[in-house]
Amino acid sequence: MDYEFDFLKALLQSIFLETLILIVFFNLPFFSKTKTPVSTILLAGLVSTILTLPYVWFIIPMFVTNKTVFIFTSEIIVIIVESLIYIKFFKHKYSVLLLASVLGNMFSFLVGYYII
């Protein structure tokens, strides 16, 4: 039961942190030629995290037991999948969406590493 509780904490934390990065990222003048509504950014952060984090916590560990390989594998998979999900929400080049996913996941991972 502790593992599931930790998962819920990580889910809420990841949604908050990754969405925060998306809000900042897509409101930078460098990337915001078209104004993306905050509601769209919030929904993108929520959907992408809800769809990917359960795989990181419950599915990938069934196949990858080495911690270093697990971290590398899961982060790469999540970054790619989330950037593909972002295509449905944002009208930007894929490289921009991939960068947004990398930044959001790096930030969430580093903060989560020190909190959880």
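Refer to the structure above for everything that follows.
These figures come from a predicted structure and were not determined experimentally. (Residues numbered from 1 in each chain as written. Predicted model: local features only at pLDDT ≥ 70, side-chain atom pairs only at ≥ 80, totals over all residues. Heavy atoms only, no water.)

For this particular structure, what's the right way to read a nonpolar patch on the surface?
A cluster of nonpolar side chains, Tyr 3, Tyr 55, Phe 58, Ile 59, Met 62 and Phe 63, forms an exposed patch at the surface whose accessible area comes to about 670 Å². Among the elements that line the nonpolar patch, the one with the most residues is helix H2 (residues 38–63), at five residues. (Patch = residues over 30% accessible without salt bridge, like charges linked within 9 Å, V, L, I, M, F, W, Y side chains within 5 Å. Areas by Shrake-Rupley, 256 points an atom, 1.4 Å probe, with all protein chains shown as cover. Salt bridge = Lys/Arg side-chain N within 4 Å of Asp/Glu carboxyl O. Helix = DSSP H or I, 4+ residues; strand = E, 2+ residues; numbered from the N terminus.)

Any chance you could explain the nonpolar core here in plain terms?
Judged by nonpolar contacts, Leu 22, Phe 25, Phe 26, Ile 41, Ala 44, Tyr 86, Phe 90, Val 96, Leu 97 and Ala 100 together constitute the single largest core of ten residues. Every element with two or more residues in this core is listed here: helix H1 (2–25), H2 and helix H4 (94–115). The dominant element in this core, judged by the number of residues it contributes, is H4, at three residues. Ranked by size, the runner-up nonpolar core spans eight residues in total, among them Phe 7, Leu 11, Val 56 and Trp 57. (Core = buried A, V, L, I, M, F, W, Y, C linked by side-chain atoms within 4.5 Å. Buried < 20%, exposed > 50% of the residue type's maximum accessible area, 1.4 Å probe, protein only.)

Explain the pattern of salt bridges to me, please; I cannot follow it from the model alone.
Side chains carrying opposite charge are able to pair once their charged atoms draw close together. Summed over all chains, the structure comprises one salt bridge. Across the pair Asp 6 and Lys 9 runs a salt bridge, and its minimum N-O distance is 3.6 Å. Of this pair, Asp 6 and Lys 9 both sit in helix H1, three residues apart, which is roughly one turn of the helix. A relative accessible area of 25% places Asp 6 in the partly exposed class.

What exactly am I supposed to notice about the packing of H1 against H4 here?
A pair of packed helices is captured by two measures, namely the crossing angle of their axes and the spacing between those axes. One way to put it is that H1 packs onto H4 with a least axis distance of 9 Å and a crossing angle of 140°. Classified by the angle their axes make, H1 and H4 are oblique. The chirality of how H1 crosses H4 is right-handed. Two secondary-structure elements touch here, H1 through Gln 13, Ser 14, Leu 17, Glu 18, Ile 21, Leu 22 and Phe 25 and H4 through Val 96, Leu 99, Ala 100, Leu 103, Gly 104, Asn 105, Phe 107, Ser 108, Val 111, Gly 112 and Ile 115. Of the residues in the contact of H1 with H4, the class split is eleven nonpolar, six polar and one charged. (Axes fitted to C-alpha atoms, helices over the stretch in contact; angles between N-to-C directions. Parallel < 35°, antiparallel > 145°, perpendicular 65-115°, else oblique. Left-handed = near helix turned anticlockwise from the far one by under 90°. Contact = heavy atoms within 4.5 Å. Nonpolar A, V, L, I, M, F, W, Y, C, P; charged D, E, K, R; others polar.)

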